[in-house]
Amino acid sequence: MRKSTSRPVARAALAVGAVAAAGLAFAPSAAAVTPTTATATYDCGTWGGGGATLTATQSGTAATITLTSAVTTPISVGANQISATLTLARSGGGTRVFSGKANPAIPAGSSVTIGPLGGTVAVGDSLNSYFAGTALKMVIFGITVNCDATTSQAPGPFVF
């Protein structure tokens with residue numbers, strides 16, 4: 001009798017396993033942003049300017065952007081000492097804002113890297129350089145540095 005009851009249980013287990021495997025095969029893939037890296041040019045007034053590399057990641061509706069700029073710091077800046085806000089224009093109108101107080105330690109004379117800056121996105125958001133005002137605002141040791149985007153992102157906007 002033991003033999004006859006174990007076969008239905010084994011068959012049921014195999015069926016459940018097959019259904020689970022099929023569900024994984026047809027499950028939607030994780031959210032991803034494309035491209036993951038873009039470049040743009042920013043003008044930070046007396047603080048300088050030039051090319052910047054933006055790197056984006058996405059997990060659901062949460063997204064982060066890390067920005068490495070051509071702007072250099074004349075003095076060393078400790079880790080997590082730069083408060084930053086990056087504004088990107090949303091295709092179709094509006095903006096998305098990424099902010100935070102995250103940066104690695106930056107030696108004097110080195111390029112400023114900020115991020116990851118966190119923000120919220122929606123499926124299909126297409127985000128590009130913001131031209132209607134300050135695109136990047138950094139506060140370092142109480143000094144505000146405003147930067148305007150002077151180019152669109154290349155190879156194109158981030159699409160979430």
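Residues numbered from 1 in each chain as written. Predicted model: local features only at pLDDT ≥ 70, side-chain atom pairs only at ≥ 80, totals over all residues. Heavy atoms only, no water.

A. Here's a closer look at the overall build of the protein. Along the backbone of the protein there are one helix and ten strands. The buried share among the 160 residues of the protein stands at 31%. Partitioning the contacts of the protein with sequence separation of at least 6, the portion at a separation of at least 24 is 61%. As displayed, the protein offers around 8,600 Å² of accessible surface, 61% of which is attributable to carbon and sulfur atoms. (Helix = DSSP H or I, 4+ residues; strand = E, 2+ residues; numbered from the N terminus. Buried < 20%, exposed > 50% of the residue type's maximum accessible area, 1.4 Å probe, protein only. Contact = heavy atoms within 4.5 Å. Areas by Shrake-Rupley, 256 points an atom, 1.4 Å probe, with all protein chains shown as cover.)

B. Representation of the confidence of the model for the protein within the structure. For the protein, mean pLDDT is 86; residues scoring 70 or higher make up 81% of the total. Counting contacts from residues 7–29, a segment whose pLDDT is below 50, to residues more than four positions away or on other chains yields zero contacts. (pLDDT = per-residue confidence, 0-100.)

C. Local environment of unusual backbone geometry. The omega torsion across Gly-115 and Pro-116 is 10°, close enough to zero to call that bond cis. For Pro-116, the location among the structural elements is in strand 6 (residues 111–120). Cis peptide bonds are those with omega within 30 degrees of zero, and the linkage from Ala-154 to Pro-155 qualifies with 15°. For Pro-155, the location among the structural elements is in the loop between strand 9 (143–149) and strand 10 (158–159). We note that Asn-80 has phi near 60°; this positive angle belongs to a residue other than glycine. Relative to the helices and strands, Asn-80 resides in the loop between strand 3 (62–72) and strand 4 (82–90).

D. Here's a closer look at the state of the cysteines. Under the definition given, this model contains one disulfide. Each disulfide pairs two cysteine sulfurs, and for Cys-44 the partner residue is Cys-147, the sulfurs being separated by 2.0 Å. Judged by the sign of its S-S torsion, about 105°, the bond between Cys-44 and Cys-147 is right-handed. In this pair, Cys-44 is assigned in the loop between strand 1 (37–43) and strand 2 (49–59) and Cys-147 in strand 9, connecting sequence segments 103 residues apart. An identical accessibility class is assigned to Cys-44 and Cys-147; each is buried. (Disulfide = S-S within 2.5 Å.)

E. Examining the pattern of salt bridges more closely. Across all of its chains, the model carries two salt bridges by this definition. One salt bridge connects Asp-125 with Arg-90, and the closest N-O pair in it is separated by 3.0 Å. In this pair, Asp-125 is assigned in the loop between strand 6 and strand 7 (126–129) and Arg-90 in strand 4, connecting sequence segments 35 residues apart. Since its relative accessible area comes to 4%, Asp-125 is described here as buried. Here Asp-125 and Arg-96 are joined by a salt bridge, their closest N and O atoms 2.6 Å apart. Here the residue Asp-125 occupies a position in the loop between strand 6 and strand 7, and Arg-96 occupies one in strand 5 (residues 95–100), the gap between them amounting to 29 residues. On the basis of relative accessible area, Arg-96 is assigned to the partly exposed category, the value being 22%. Taken together, the shared-partner salt bridges connect Arg-90, Arg-96 and Asp-125 into one network. (Salt bridge = Lys/Arg side-chain N within 4 Å of Asp/Glu carboxyl O.)

F. Examining the side chain of Gln-153 more closely. With respect to the helices, strands and loops of the structure, Gln-153 is situated in the loop between strand 9 and strand 10. Dropping the residues within four chain positions of it, Gln-153 is found in contact with Ala-38, Thr-39, Ala-40, Leu-88, Leu-127, Asn-128, Ser-129 and Phe-158.

G. Local environment of the nonpolar core. Within the largest apolar cluster, 34 residues are counted, with the highest numbers of intra-cluster contacts made by Tyr-42, Ile-82, Leu-86, Phe-98, Ile-114, Met-138 and Phe-158. For this core, the secondary-structure elements that each account for two or more residues are strand 1, strand 2, strand 3, strand 4, strand 6, strand 8 (136–140) and strand 9. Excluding its chain neighbours within four sequence positions, the residues that come into contact with Ile-114 are Ile-65, Thr-66, Leu-67, Ile-82, Ala-84, Ala-102, Asn-103, Leu-136 and Met-138. (Core = buried A, V, L, I, M, F, W, Y, C linked by side-chain atoms within 4.5 Å.)

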